[in-house]
Amino acid sequence: MKKLLLSLLLTAPCVLAQPKTLFYMTDHSNSVRDFMQHQDKIDIIVPTWYNVDATGLVYGEPDPAVLRVVKQRHISLFPIVAIFDKTGVHTLLTNDKAQTAMIGSLISECKQNGYDGFQLDFENIAWTDRDALSATVKRIADAMHQEHLQLQIAVVPNAPGHPGHTAFSKWIFSDWRGVFDLKALSESVDLLCLMIYDQHTRWTTPGPVGGWMWTNENLDYALKVVPNEKLSLGIALYGYHWYTYQGQELWDAQDHTAYFFFYRDQMREWIFYTEKRGFADRYNLATERHLQGICAWVLGEEDSAIWSVLPERK
């Protein structure tokens, strides 16, 4: 009997855990609408309800209709608290009084509204504030954990971990990517949402928002120091020019992304975006790499076909 049982265990198919689906939601009516319509396929909702300033003042408020649905459906709720002001965030990261005020407000909002915690979205930070950011995040996380709350953080992809040769590469590292110490942050928070976008922007040559090779390079880099169960794979649901122009949809097999092009003023313009097939490939990647799940920006801009990829919540 023991030999038979061992044989069955060895030959049984490997069942991969279903990734958690985290979606970002703005206060735009289309974003809220898509949350309401697809609530049965969303595990974690992260609405952009709050901001914080240099003094630690947290301002914003929840959407009562969303709160009702979250509680009825038992969906995890982690509102964003954001700051994108480089000077302001430096002050916040180096001011004990401001941090104390912020932490008190975050915990108060969680208790008052029944949040599971918060997600930090601190961006446009100089790389010289790297240690200050890690220390501040640890302080927030420790305080949240003492109150049985969780803390998440959105981080930008930063492979290969140093500035490149071009002026753009230097700027994107010194002002955006270099500040995130993934190892230190992962030791403090409960989840890192790796925003694997934008690889190409209006400041670069045309290309996918988050190409396949670039996605895997940044995922591999993050997984060197971040446990799988603490990492969520970012998926961009949008594309440039997608809602403005018509064209024949094409598929880039190398980058696992859809695209098309058109001509304007005798020049070819390229459009890359995420549709069902590209979304499914990235959802499956999160499954295969045993990640905590996916984190998709943003509801209201997604291809409606992606919802057929996702199973209903268990």
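It should be noted that the structure appears before, not after, this text.
Residues numbered from 1 in each chain as written. Predicted model: local features only at pLDDT ≥ 70, side-chain atom pairs only at ≥ 80, totals over all residues. Heavy atoms only, no water.

**Student:** Would you explain the side chain of asparagine 124 in this entry?
**Tutor:** Tracing the backbone through its elements, the reader meets asparagine 124 in the loop between strand S7 (117–122) and helix H6 (130–146). Judged by relative accessible area, asparagine 124 falls into the buried class, the value being 18%. A distance of 2.9 Å separates the side chain of asparagine 124 from the backbone oxygen of phenylalanine 84, its partner in a polar contact. If sequence neighbours within four positions are ignored, asparagine 124 has contacts with Phe84, Lys86, Val89, Asp175 and Trp176. (Helix = DSSP H or I, 4+ residues; strand = E, 2+ residues; numbered from the N terminus. Buried < 20%, exposed > 50% of the residue type's maximum accessible area, 1.4 Å probe, protein only. Polar contact = N/O pair within 3.5 Å; in protein donor to acceptor, adjacent residues only side chain to side chain. Contact = heavy atoms within 4.5 Å.)

**Student:** In this structure, what is going on with the nonpolar core? I would like to understand it.
**Tutor:** A general feature of soluble globular proteins is that nonpolar side chains tend to end up buried together. Formed by 90 residues in total, the largest nonpolar core has its most connected members in Phe23, Tyr24, Phe35, Ile45 and Phe122. At seven residues, the largest contribution of residues to this core is made by H6. Core analysis: the next-biggest nonpolar cluster, separate from the first, contains five residues, Ala258, Phe260, Phe262 and Tyr273 among them. (Core = buried A, V, L, I, M, F, W, Y, C linked by side-chain atoms within 4.5 Å.)

**Student:** Just checking my understanding: could you explain the environment of serine 108 for this structure?
**Tutor:** Inspection of the secondary structure assignment puts serine 108 in helix H5 (residues 96–113). According to the relative accessible area criterion, serine 108 is partly exposed, its value standing at 37%. Counting along the chain gives 82 residues from serine 108 to threonine 26, while the straight-line C-alpha distance between them is 22 Å.

**Student:** Just to check I follow, could you spell out the sheet that holds strand S9 (residues 191–194) for this structure?
**Tutor:** Strand-to-strand pairing in sheets goes through backbone hydrogen bonds, with the strands running parallel or antiparallel. Judged by pairing direction, the sheet is mixed, and its 11 strands sit side by side in the order S4-S3-S6-S7-S8-S9-S10-S14-S1-S2-S5 without closing on themselves. Either end of the sheet is taken by a strand with one partner, and the two such strands are strand S4 (58–60) and strand S5 (76–77). As judged from the four bridges shared by S7 and strand S8 (residues 150–155), these two strands associate in the parallel manner. Residue pairing for S8: glutamine 119 is matched across the bridge by glutamine 152. Relative to the sheet, helix H10 (residues 276–288) contacts strand S1 (20–25), strand S10 (231–236) and strand S14 (293–297), its axis offset from that of S10 by approximately 175°. (Pairing = 2+ DSSP bridges. Axes fitted to C-alpha atoms, helices over the stretch in contact; angles between N-to-C directions.)

**Student:** I tried to follow helix H4 (residues 86–93) on my own but got confused; where do I start?
**Tutor:** An α-helical turn contains 3.6 residues, so a residue and the one three or four places further along point in the same direction. Restricting attention to buried positions, one finds in H4 the residues Gly88, Val89, Leu92 and Leu93. Taken end-on, H4 shows its buried residues confined to a sector of 130°, consistent with a single buried face. Summarising the contacts, the buried residues of H4 are in contact with strand S3 (50–52), strand S6 (80–83), H5, S7 and H6. (Arc of directions from axis to C-beta.)

**Student:** Any chance you could explain the side chain of histidine 38 here in plain terms?
**Tutor:** Inspection of the secondary structure puts histidine 38 in the loop between helix H2 (29–37) and strand S2 (44–47). In terms of polar contacts, histidine 38 uses its side chain to reach the side chain of tryptophan 307, at 3.3 Å.

**Student:** What is the right way to look at the layout of surface pockets in this model?
**Tutor:** In this approach a probe as big as a water molecule rolls over the atoms, and the regions it shows empty are the leftover space. Computed from the structure, the largest pocket encloses a volume of approximately 650 Å³. Together, 27 residues line the largest pocket, and Glu123, Trp176, Tyr197, Asp198 and Tyr238 are the ones closest to its centre. Residue contributions to the lining of the largest pocket peak at five residues, all from helix H7 (residues 167–177). Its residues placed into classes, the lining of the largest pocket shows 18 nonpolar, four polar and five charged. Approximately 270 Å³ is the volume found for the second largest pocket. Along the walls of the second largest pocket sit 17 residues, with Phe168, Ser169, Ile172, Arg177 and Trp214 positioned nearest its centre. (1 Å grid on protein atoms, 1.4 Å probe; cavity = no way out; pocket = protein on both sides within 12 Å on 5 of 7 lines; lining within 4 Å. Points joined across faces, edges and corners; volume = space filled by probe spheres on them. Nonpolar A, V, L, I, M, F, W, Y, C, P; charged D, E, K, R; others polar.)

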